[in-house]
Amino acid sequence: MIARSQRIAMIDPFERSLTLDLTSPSFIFPNYGSMAVATSLHRSGYDVRFYSEFARQKVDWDWVFSADVVLLSLLSFCSHKGYEYVRRIRERRPDVTIIAGGSHPTVLPEDTLAHGVDITVRNEGEEAILDLLRTLEAGGDLADVAGISYLDESGEVKHTPKRGFMPDFGSAVDLDLMPGYQRRSSWERVLDYLRFQPQTLHLPVTQSSRGCPFPCTYCFGRRELGPKYRRRNPQQLVAEVKQYVRRLGSDVIQIVDNDFTIDRRHTLDTIKALYDAFHGELTFTAFARVDVAKDEELLELMRYAGVRRFWIGVESVHDETLEAYHKKQTRVKIENAVEVIRRHGIDIIPLMMFGADTDTREAMESNIQFVLDRDFNQACFFILYDFPGTAERFGEHQTIPDHRYLHHDWRFFNSNFAIHYPINFRPSELQRTVIDGYRRLHAKGRGFPHLLRHGQKDWLLRDYYLKPVRRTMLEYIRHLERLEDGLYGSDGRLQEDRLLEKVAREPKSERVPLSRVSWPLWQRISPVKIFADAYHAAYHGLRGRLVRSEPLPEQRPPEAPPARQAEVVAPTVSSRETG
């Protein structure tokens, strides 16, 4: 039993031992789920401070050490940093209650508990954390709290039944709970430059719905947020966006729904509320499926209301792979959707995925060529990943069998790195394919034509800010080559019998032997960096806004104002987008 907890410290750790994430080096991009949990606690009467290292906040350790309860929100690629914080807290406060939530404790609660955490919260946290704290305060039985995992008195891991997903997922998040989360000053930008760090841009996140009814086998969004589509009051979203504009001066907002366009009526209500509040002044980016191309009226209204860019899960243009993913789309549908969406003035960032059992070298090449042939200004090249033991632990679909994981170093489990043995090619080939895809996409020969055709000048910045993580990938390939040695035949296919022998003989490594990969000094002070940083600061810091005052029409207007192209360096999405 613990006393009623009046002071709660919440931390979102960010891994800095290696450059692993494509988003965080140049974007201030807090996790929406963590903000929602902190807000839920505050509105229930707790004294909460939330420190998100993804939002460039510095943790006030004196305040953390004085807290009654410490909450950690862990992404898998940042779990090692979180475990380091657990050790640090235990040294000062051995008896403090430490609770962890987020995507990593959801899929690997045993691993989290083994590193000193008292209790993990699985899936959505806003209601679960309140139920858990009230049970602790009353000295109740943890077995009565749904959706948690913990160690019993004998040290055995206990999983309580899964908690149902919330029908109503709360009001607007409260940014006042995040000390130091504010517009970056000119002095902070100068310090970045003097430290040879990339210039950073605020990219606030909001959410209008949760859940996705589509059965895509690889998707963590469905696992974490459920298959039932749940709507949010559009005015709550508007209230959040107003906070971002007031606090950060942001005019680009990311909507992180699994699919912003599943429910037409809800989408229309949301974009009308946004237009009524901001008159088309802001730019919104959102996730969607190719199915949105069937509704051209909705596309036009979204464009008119400020939705300028879609992240679309293409995944593959290889029909056999799409069928294996249960994606319920074909190459023909994808190609038609690209044409229709572009015709309505909305930019597309295709999300491609490599590494399925049905993938071949030729299939991966066709995915890259699809992106290049259609002249996309940007694309994301992901690698298939999953987590071991999820099928046995929770009876859920597992994309990768346990024996085919390369290692158990969770820092590399974020879709940017090969973490399994593919069937038809080596892991090192898979990693090189991703590097090659970005190299060809950002080739300087493509940049100037893009500048002339689209007026978008961010190609140089994207290539430049990818360099740190690309250097990590190149170093990582050396490790992959050692692991795959002797496991693939002359035809390039995986020899399962040899792999099973190796698995029986050698335990999976929990630490890939990579030291911090430095960014060479000549790249840090190169003319390219000077130009990229200057452009980044000038364009995103000083640009004017296009303001409209007309109401959003019920039907498509006869002469709708032309859409403003969003010239924002859009981040590459990582696994944390689903959190």
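Owing to the predicted nature of the structure, the values given are computational and were not obtained by experimental measurement.

Visitor: Outline the environment of Tyr488, listing residues and values.
Guide: Looking at the secondary structure, you find Tyr488 in the loop between helix H18 (459-484) and helix H19 (496-505). Sequence-distant contacts of Tyr488, defined by excluding residues within four places in its chain, comprise Tyr421, Pro422, Ile423, Phe425, Arg426, Pro427, Arg493, Leu494, Gln495 and Arg498. Within the structure, Tyr488 has its side chain in polar contact with the backbone oxygen of Pro422 (distance 2.7 Å). Within the structure, the side chain of Tyr488 is placed 3.3 Å from the backbone oxygen of Phe425, a separation counted as a polar contact.

Visitor: Break down the side chain of Asp359 for me, citing the residues and quoting the values.
Guide: Assignment of secondary structure puts Asp359 in the loop between strand S16 (347-354) and helix H14 (361-373). No salt bridge is formed by the buried Asp359; the nearest opposite charge belongs to Arg404, separated by 10 Å. One polar contact links Asp359 to Thr321, side chain to side chain, over a distance of 3.1 Å. For Asp359, the side chain forms a polar contact with the main-chain nitrogen of Gly355, separated by 3.0 Å. Setting aside chain neighbours within four positions, we find Asp359 in contact with Thr321, Met353, Phe354, Met364, Asn424 and Phe425.

Visitor: Describe the state of the cysteines, with residues and values.
Guide: The full count for this structure, using the stated rule, is zero disulfides. Between Cys216, a cysteine without a disulfide, and Cys219, which holds the nearest cysteine sulfur, the sulfur-to-sulfur distance is 6.2 Å. Residue classification places Cys216 among the buried positions, given a relative accessible area of 9%.

Visitor: Can you explain unusual backbone geometry? Please cite residues and give values.
Guide: Even without being glycine, Glu315 reaches a positive phi, approximately 70°. By the element assignment, Glu315 lies in strand S15 (residues 307-315). Phi is positive for Asp375, close to 60°, though the residue is something other than glycine. Among the secondary structure elements, Asp375 is positioned in the loop between H14 and strand S17 (380-383). Judged by its relative accessible area of 18%, Asp375 falls in the buried class.

Visitor: So, the pattern of salt bridges: which residues are in play, and what are the values?
Guide: Any two side chains of opposite charge can pair, on the condition that their charged atoms come close. Taken as a whole and assessed by the stated rule, the structure comprises 31 salt bridges. Among the salt bridges present, the one from Arg374 reaches Glu335, with a minimum N-O distance of 3.1 Å. Remark: Glu335 occurs in helix H13 (residues 331-343) and Arg374 occurs in the loop between H14 and S17; sequence separation between them is 39 residues.

What counts, and where the lines are drawn
- Residues numbered from 1 in each chain as written.
- Predicted model: local features only at pLDDT ≥ 70, side-chain atom pairs only at ≥ 80, totals over all residues.
- Heavy atoms only, no water.
- Helix = DSSP H or I, 4+ residues; strand = E, 2+ residues; numbered from the N terminus.
- Contact = heavy atoms within 4.5 Å.
- Polar contact = N/O pair within 3.5 Å; in protein donor to acceptor, adjacent residues only side chain to side chain.
- Buried < 20%, exposed > 50% of the residue type's maximum accessible area, 1.4 Å probe, protein only.
- Lys, Arg positive; Asp, Glu negative; His and termini not counted.
- Salt bridge = Lys/Arg side-chain N within 4 Å of Asp/Glu carboxyl O.
- Disulfide = S-S within 2.5 Å.

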